[in-house]
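# Summary of the model geometry
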Amino acid sequence: MKILFVIDDYFNRSNGMCISTQRFVGQYKKMGQDVRILSTNLGGQADLSCSTIEH
């Protein structure tokens with residue numbers, strides 16, 4: 001299964017939603033699922049990056 005999580009601040013270690021999402025991602029990956037995260041790159045290391053989108 002392919003799973004995409006969209007979250008504003010995935011790498012935040014002090015936010016309950018971010019921590020919960022990190023746990024879900026870890027468990028899905030252990031199950032062999034194809035998991036991707038779409039988020040800002042503040043405080044973490046991205047697997048893939050894209051250029052900044054400006055309005």
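Look above for the structure.
Residues numbered from 1 in each chain as written. Predicted model: local features only at pLDDT ≥ 70, side-chain atom pairs only at ≥ 80, totals over all residues. Heavy atoms only, no water.

This part covers the environment of F11. Here F11 shows up in the loop between β1 (2–6) and α1 (16–30). Among all residues touching F11, those that are not within four sequence positions of it are Q22, T40, N41, L42, G43, G44 and Q45. (Helix = DSSP H or I, 4+ residues; strand = E, 2+ residues; numbered from the N terminus. Contact = heavy atoms within 4.5 Å.)

As a further point, take the environment of G32. Mapped onto the elements, G32 comes out in the loop between α1 and β2 (34–38). Taking the C-alpha atoms as reference points, G32 and K2, 30 residues apart in sequence, are found 10.0 Å from one another.

The next subject is the pairing of β2. Taken together, the five bridges between β1 and β2 define a ladder with parallel strand orientation. Residue K2 lies in a different strand from β2, and its bridge partner there is D34. (Pairing = 2+ DSSP bridges.)

Applying the stated rule across the entire model yields three aromatic pairs. Look at F5 and Y28: their rings are 6.2 Å apart centre to centre, the planes differ by 40 degrees, and that puts the pair in the tilted class. Separated by 23 residues along the polypeptide, F5 in strand β1 and Y28 in helix α1 bring together distant segments of the chain. Residue class for F5 comes out buried when judged on its relative accessible area of 18%. By relative accessible area, Y28 is classed as partly exposed at 27%. Seen from their ring centres, Y10 and F11 are 5.3 Å apart, and the 75 degrees between their planes marks the pair as edge-to-face. (Phe/Tyr/Trp six-rings, centres within 6.5 Å; stacked < 30°, edge-to-face > 60°. Buried < 20%, exposed > 50% of the residue type's maximum accessible area, 1.4 Å probe, protein only.)

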